[in-house]
Every structure is written in C-alpha cells, then in structure tokens.
Amino acid sequence: MSDYQAPVPQMRFTIEHLADFAEVVALPDFSAVDADTVGSVLEEAAKFAGNVLAPTNWIGDRQGVKVVDRAVQVPQEFTDAYQQFREAGWPGIASNPEFGGQGLPKTVALACDEMWAAANVSFALCPELSQGAILAMDRHATDELKQTYLEKLVSGEWAGTMCLTEPQAGSDLSALTTRAEPRGDRYLVTGRKIYITWGDHPMAENIIHLVLARLPDAPPGTKGISLFVVPKYKLNDDGTPGALNDVFPVSVEHKLGIHASPTCVLAFGDEGGAEGWLVGKPNEGLAAMFTMMNYMRLGVGAQGVGLSERSYQKSVAYARERVQGRAPGEKGRVAIIRHPDVRRMLLLMRSLTQAARGICYYTASCLDRGAHGTDPEAVGRWQSRAELMTPIAKAWCTEAAQEVTELGIQVHGGMGYVEETGVAQFYRDARIASIYEGTNGIQAIDLVGRKLLRDGGATVSDFVTDMRSVDAPLANAGEGLAVVRSALSRALDELVQSSTHLITSEKRDPEATGAAAFDYMMLIGNVLGGWQLARGALVALEQMATSSDKAFLQSQVVMARFYAEHVLPRCTAHAAAVRAGSASTMELAAESF
Ligand SMILES: Cc1cc2nc3c(=O)[nH]c(=O)nc-3n(C[C@H](O)[C@H](O)[C@H](O)COP(=O)(O)OP(=O)(O)OC[C@H]3O[C@@H](n4cnc5c(N)ncnc54)[C@H](O)[C@@H]3O)c2cc1C
C-alpha cells in the first residue's frame, strides 16, 4: 500500500465549506459541475496520486536526472507515469474546452495539484508548468499560435516551460539580456537562461518554451521585455514536430531537493538563433508572463500544502508505532503519540496544513469567481481579492510547509534525520518553494506595495469586514469556540492596526515597507488561516448531530482551537515587528554586518 493517502474527506470539506463552492458552481460556465463530479474527480485523483505517482517519488530522489548528448535523461518510471497521467486525461482537467480541456473549476483542479505535489513534487512540476504556459498563451497569443500549440499542450502530448531567469536577472528581471531579432514572420532568440524547470526531458513529444527576451529597439528595464514561444522541435507544415530548434540543455543543477525535476541551463541560439514567435504585444511580455507566474504562485502554495500533508501523514504513522517512555495513568511504555510534546507537533503540523489548504482553495475560488462571473462589480471584487490572496497563498503556505516538514523530521527523532524514512526528502523538497516563483521576500513586498498600499487598504479592509462576520456565529457557538472567537478578534485588530500603520508610515519612513513586509505577510496569513479554521469549526458543530463521522468533525473543532491557542498569538509578535519600522534594520553600514 502507498504511504500517501490523499485526505479526500478533508479536501471535499475545504472545497465545499471554506472555498464557497456553492457560489462557484452557480456560475454559468460551471453549471454541469456538482458535488458528485467533484467527489469522483477527487477519488480518482487520489488513486492515481497514491498508486502511480507516490511510488516514483523516492526513485526520483535517488536517481536524479542528467544531461547526456545535449538531452536530459529522467528515470524511466517518470516517463511511464507521465504516459499514464496523459492517458487518464489529468493534464487538461481545468483547461479551456475549446482546446480539449474539461473546463473544471480551478478550485477542484487545485485539490488535484495538491495531490500530485504530495505524491511526487518533482514530477508534478512538469504538468504544472504546462498549465501555466497554456493559460498565458490562451490569454495573450494570436489565434494562429493558439491553434498551433494549445490542443497538444492541453492533452499533455507537449509540455511547457517558463524561461525568465538569467545569471544577472533573478528577482530583478529588468536586467535580462536574451535577445530576439525579427526574421520575417518569426524571431531568432539568443541568450542563456538558467534554472529552467523541466527545461528538457523525454516525457513529452515536444517542449514549448515561453521565453522573455528583448527586441533590438527595446527600451531598457522591464518596459522593454517581450514574450516568445520557442518550441524544442520546429513544426512541420502539418503541425507535427520536425527538426530540432536551436535550444539545448547545457547542464542540470545539483540541488538540495526536487532531485528528479531537471533544473536546466538552457542555451538559446548557440548555432545562429532559436526560432520563436511573439506572444502578445512587443515590450509587453512581462505583463503577459505574469499570467503564468501568478498561476504558478498559487500552484507553489499548493505544493507546500501537499508536502505538509505527506509529512504529517508519515509522522502520525510513526508516532503511533514508536514506543518510548511512560505517561501518567498508563501501564508500561507508550507510543510517542501519547506524549503532549509530540501531540503539540502533530497538531501544529495538521492545523498549519489545513489553514494553508483553506487559504489556497479559497484563492482558487476567488480566481474562478473573478474569471467566470457575469456581474461586473462582483467580478472586479473577486479579481482584487484573488490578487491580494496570491502572494499570501504562495508565501505563507510555503513558510508553513517549512515549519511542518521540519516538524515531521522532529517527530521522527533520529530516524527523521536519516534518509530511509523519506521524511527528510519532504523537507528538502519543500525548501525550494520559498524561493522559486519569486522569493517569499518578494511576495511580501508585492503584497504590501501593490495589494495593500496601492488602493489605500480598500481590498484588505473589505476582506476584514467579511472575516469579522464569523464573530456572531462564534459567539453563538458558546464556550467550545470561545478561545477561537477571542483570538481571531484580537488577531483581526492587529491586522487592521498594522495595515493602517503601513499606509500612514509610507511617506515618513520610505524603508518601512521593505522592513515590515515579511511580518505583515505572516500576520495576514496567520489571520486568514485562523478565519478558515474557525469557519470549518462552525460547519463541524452544525453537522455534528446528524453526521456519521463525528471524529472527523471533532478534529475540525480541535484544530481551530489549537491554532487559536498556539498560532494566532504569533500575530502579536508580527504586528509589533511591523510597527517597529525600519530604524534598527537599516542602521548598520553594510561593512558592519
Ligand atoms: C530549483 C529551481 C527551479 C527554478 N525554476 C525556474 C524556472 O522554471 N524558470 C525560471 O525562469 N526561473 C526558475 N528559477 C529561478 C527562481 O525563480 C529564482 O531563483 C528566484 O526568483 C530568485 O532569484 P535569484 O535566485 O536570482 O535570487 P536573487 O534575486 O539574487 O535574491 C537573493 C536574495 O535577495 C532578496 N532580494 C532580491 N531582490 C530584492 C529586493 N528588490 N528587495 C528585497 N529583497 C530582495 C531575495 O528575496 C533573496 O532572499 C528556479 C530556481 C530554482 C533554484
């Protein structure tokens, strides 16, 4: 039996009750989706993740990938699993039906993404990047390019990549130098990209690179960046892959984790120029690429949830088996799950994981409502909320994953530090999630700079009003949730004060935003997690009398209480750090560090 069982009841509960699913399926585009469809998609995905993908995870970690004769080789098990993934139709579940997709809501597809990442995050990155490329092309490419590429990408026959980073251009894409020279109806792309995930591999029949590059007359900085589609194999007249294009993997990185995800240095145009086609307008490539980046950011948040869940499951299993020490009122030695400190770790793991899941699925639901709504006012509101949520889903959920996967090692004691349990791999694999797709520091700056300050706090304020509406039901719920009510109310107050503080201190202390952004991101993420767990606890109490699964519902209530007692108090510390401004952070000269 697989050591990963996707927590389908918890996922369904989250979709239905914490991601406002009734509102999502009320949208005309999703009229054919109902609870049964969601249930069967999740059950099938769980089987695929547990039975097909999870067993390849350890193999990929051990074997890794390599470049041989200008081509990346991956474990055969990955190629076989990808074939099955394609045949089962998983690549296109949320894609546009016009190109062969199934058009399911993102809210459902994200739960599947969580499962793929939990089962084998190295593998999951490949279809995830393809989906991001599909979305960017669907939104910004010409009809001709869409007809040429999208059906094959949606079916998974071809895979996509995202080529932004260069040695001198990481967080700061304004420094990128890859060039694109016009040649008739196409462009010749030359330059070197680094860290390109799944930049080459044999699993798909063609690889479609989305590449940021500069036109010869482009203005400097981010206003001079354009987006190009560059296929690995040029296409024959009938659309089938033909001769190799001038783009090759030079090497793959040796890294801390995700060993089976090829992180490539890609050379474009060493032999004269890789043929590419412009996507969107000249010099507006960064905005077009943001479609893909935002998609990936939420996906990376879901990777954090998946790895947290898997680490939690392994830790619970170990804590039930491992016998050490004695406990009050028990005869003989006990399993470590009996010890309060081990329970503290397990509950912290479980409640952080569920809080992160609640944040990610809710973000997906905002995206669905923003993209498929019919009322312009509501659409605007959900789009703004999705934009606010995206950096939080990426950064807070992956910070949570660092903590959860680290706790997973701690629960295992020495066995956690040695590789054979597999729990160390989850920690190593999770570490990249705080870095790629824009570091968590950059996410936090985006959150404060673009999502809080730019509209004077209006979007945050609107959300706080929504979150405060759980106060009355929490009051009615009585003593059982009293601690949740008081901790959440205090945390919301801290959030409001911190938001006001940042808005009013921007001019007085220009470095304050940068100095406080990370704490503000952690503060708002902690509050959102507490709000989602509180909502879950309220639903659980309501269903308790009639449900046959009282243990599941009780666990929702206990998670909310534990989080209110152990995580929400962290908001006070984050708020204090936000208020501290930049003075001590900026005082030392660089040479004094
Ligand atoms: C395994 C892996 C896979 C990747 N996959 C891809 C991929 O598929 N495609 C792709 O294009 N890229 C990819 N990347 C690149 C990744 O997105 C970058 O590494 C990341 O955005 C950070 O850039 P950098 O490494 O240059 O770090 P730097 O930008 O040098 O940052 C270093 C530190 O400085 C901080 N920092 C930088 N600028 C600022 C600022 N203005 N304000 C405050 N702090 C700042 C950062 O937060 C970070 O802590 C991948 C990277 C890795 C390691």
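See the structure shown above.
Residues numbered from 1 in each chain as written. Predicted model: local features only at pLDDT ≥ 70, side-chain atom pairs only at ≥ 80, totals over all residues. Heavy atoms only, no water.

Asks: Could you give an account of the nonpolar core, with specific residues and numbers?
Replies: Counting 162 residues, the largest nonpolar core has Met 115, Trp 116, Trp 396 and Tyr 520 as the members making the most contacts within it. Looking at this core, the element that brings in the most residues is helix H16 (residues 512-543), giving 16 residues. With residues up to four places along the chain from it excluded, the contact list for Trp 116 reads Ala 45, Phe 48, Ala 49, Leu 53, Phe 85, Trp 90, Val 121 and Ala 124. Core analysis: the second largest hydrophobic core is formed by 33 residues, Ala 136, Ala 141, Leu 164 and Val 279 among them. (Core = buried A, V, L, I, M, F, W, Y, C linked by side-chain atoms within 4.5 Å. Buried < 20%, exposed > 50% of the residue type's maximum accessible area, 1.4 Å probe, protein only. Helix = DSSP H or I, 4+ residues; strand = E, 2+ residues; numbered from the N terminus. Contact = heavy atoms within 4.5 Å.)

Asks: Got a sec to walk through the site of the ligand? Specific residues and values, please.
Replies: Around the ligand there are 20 residues in total, and Thr 165, Ser 171, Tyr 195, Thr 197 and Thr 439 lie nearest to it. Measuring from an oxygen atom of the ligand, one finds a backbone N or O atom of Leu 164 at 2.9 Å. With respect to the ligand, the side chain of Thr 439 contributes an N or O atom lying 2.7 Å from an oxygen atom. A total of 970 Å² of accessible area belongs to the ligand in isolation, and the protein chains cover 62% of it. Among the secondary structure elements, those contributing two or more residues to the shell around the ligand are strand S3 (158-163), strand S5 (186-197) and helix H12 (440-453). Among the elements that take part in the shell around the ligand, S5 stands out by supplying three residues, more than any other. A class-by-class count of the residues in the shell around the ligand yields 11 nonpolar, seven polar and two charged. (Near = heavy atom within 4 Å. Polar contact = N/O pair within 3.5 Å; in protein donor to acceptor, adjacent residues only side chain to side chain. Areas by Shrake-Rupley, 256 points an atom, 1.4 Å probe, with all protein chains shown as cover. Nonpolar A, V, L, I, M, F, W, Y, C, P; charged D, E, K, R; others polar.)

Asks: Outline helix H18 (residues 570-579), supporting the account with residue identities and numerical values.
Replies: By the burial criterion, the buried members of H18 are Cys 571, His 574, Ala 575 and Val 578. Along the axis of H18, the buried residues cluster in a sector spanning 100°; they form a single face. Gly 581 sits one or two residues past H18 and shows a positive phi near 70°. (Arc of directions from axis to C-beta.)

Asks: A description of the state of the cysteines should follow, citing residues and the corresponding values.
Replies: Counting across every chain of the model gives zero disulfides. You can see Cys 360 has no disulfide; the closest cysteine sulfur is in Cys 397, sitting 3.7 Å from it. When its relative accessible area of 0% is taken as the criterion, Cys 360 is described as buried. (Disulfide = S-S within 2.5 Å.)

Asks: If you had to explain the pattern of salt bridges to someone new, which residues and values would you point to?
Replies: In the structure shown here, the tally under the stated rule is 36 salt bridges. With a shortest N-O distance of 3.7 Å, Arg 12 and Glu 16 are connected by a salt bridge. With Arg 12 and Glu 16 both in helix H1 (residues 8-18) and four residues apart, this pair spans about one turn of that helix. Using a relative accessible area of 26% as the deciding quantity, one classes Arg 12 as partly exposed. Asp 143 serves as the salt-bridge partner of Lys 146, at 4.0 Å between the closest nitrogen and oxygen. Of the two residues, Lys 146 and Asp 143 both sit in helix H6 (residues 143-155), three residues apart, roughly one turn of that helix. Accessibility expressed as a relative area gives 14% for Lys 146, which makes it buried. The exposed category is assigned to Asp 143, whose relative accessible area is 58%. Linked by salt bridges that have partners in common, Asp 20, Glu 23, Arg 369 and Arg 535 make up one network. (Salt bridge = Lys/Arg side-chain N within 4 Å of Asp/Glu carboxyl O.)

Asks: Go over the packing of helix H5 (residues 106-140) against helix H7 (residues 285-321) with me, naming the residues and quoting the values.
Replies: Relative orientation of the contacting elements H5 and H7 amounts to 170°, with a least axis distance of 8 Å. Considered as vectors, H5 and H7 are oriented roughly antiparallel to each other. (Axes fitted to C-alpha atoms, helices over the stretch in contact; angles between N-to-C directions. Parallel < 35°, antiparallel > 145°, perpendicular 65-115°, else oblique.)

Asks: Residues and numbers for the packing of aromatic side chains, please.
Replies: Using the criterion set out here, one finds 13 aromatic pairs in the structure. Plain terms: the ring middles of Phe 13 and Phe 552 are 5.5 Å apart, the flat faces sit at 80° to each other, and that makes the pair edge-to-face. Of this pair, Phe 13 sits in helix H1 while Phe 552 is found in helix H17 (residues 550-566), placing the two residues 539 residues apart along the sequence. Phe 552 shares its class with Phe 13; the two are buried. With centroids separated by 5.2 Å and ring planes inclined at 80°, the aromatic side chains of Phe 85 and Trp 116 adopt a geometry described as edge-to-face. In this pair, Phe 85 sits in helix H4 (residues 76-87) while Trp 116 sits in helix H5, placing the two residues 31 residues apart along the sequence. Assessed through its relative accessible area of 5%, Trp 116 is described here as buried. These aromatic residues form a ring-pair network of at least three members: Phe 48, Phe 78, Tyr 82, Phe 85, Trp 90, Trp 116 and Phe 123. The ring of Trp 382 carries the charged tip of Arg 381 above its face, separated from the ring centre by 5.3 Å. (Phe/Tyr/Trp six-rings, centres within 6.5 Å; stacked < 30°, edge-to-face > 60°. Lys NZ or Arg CZ within 6 Å of the ring centre and 35° of its normal.)

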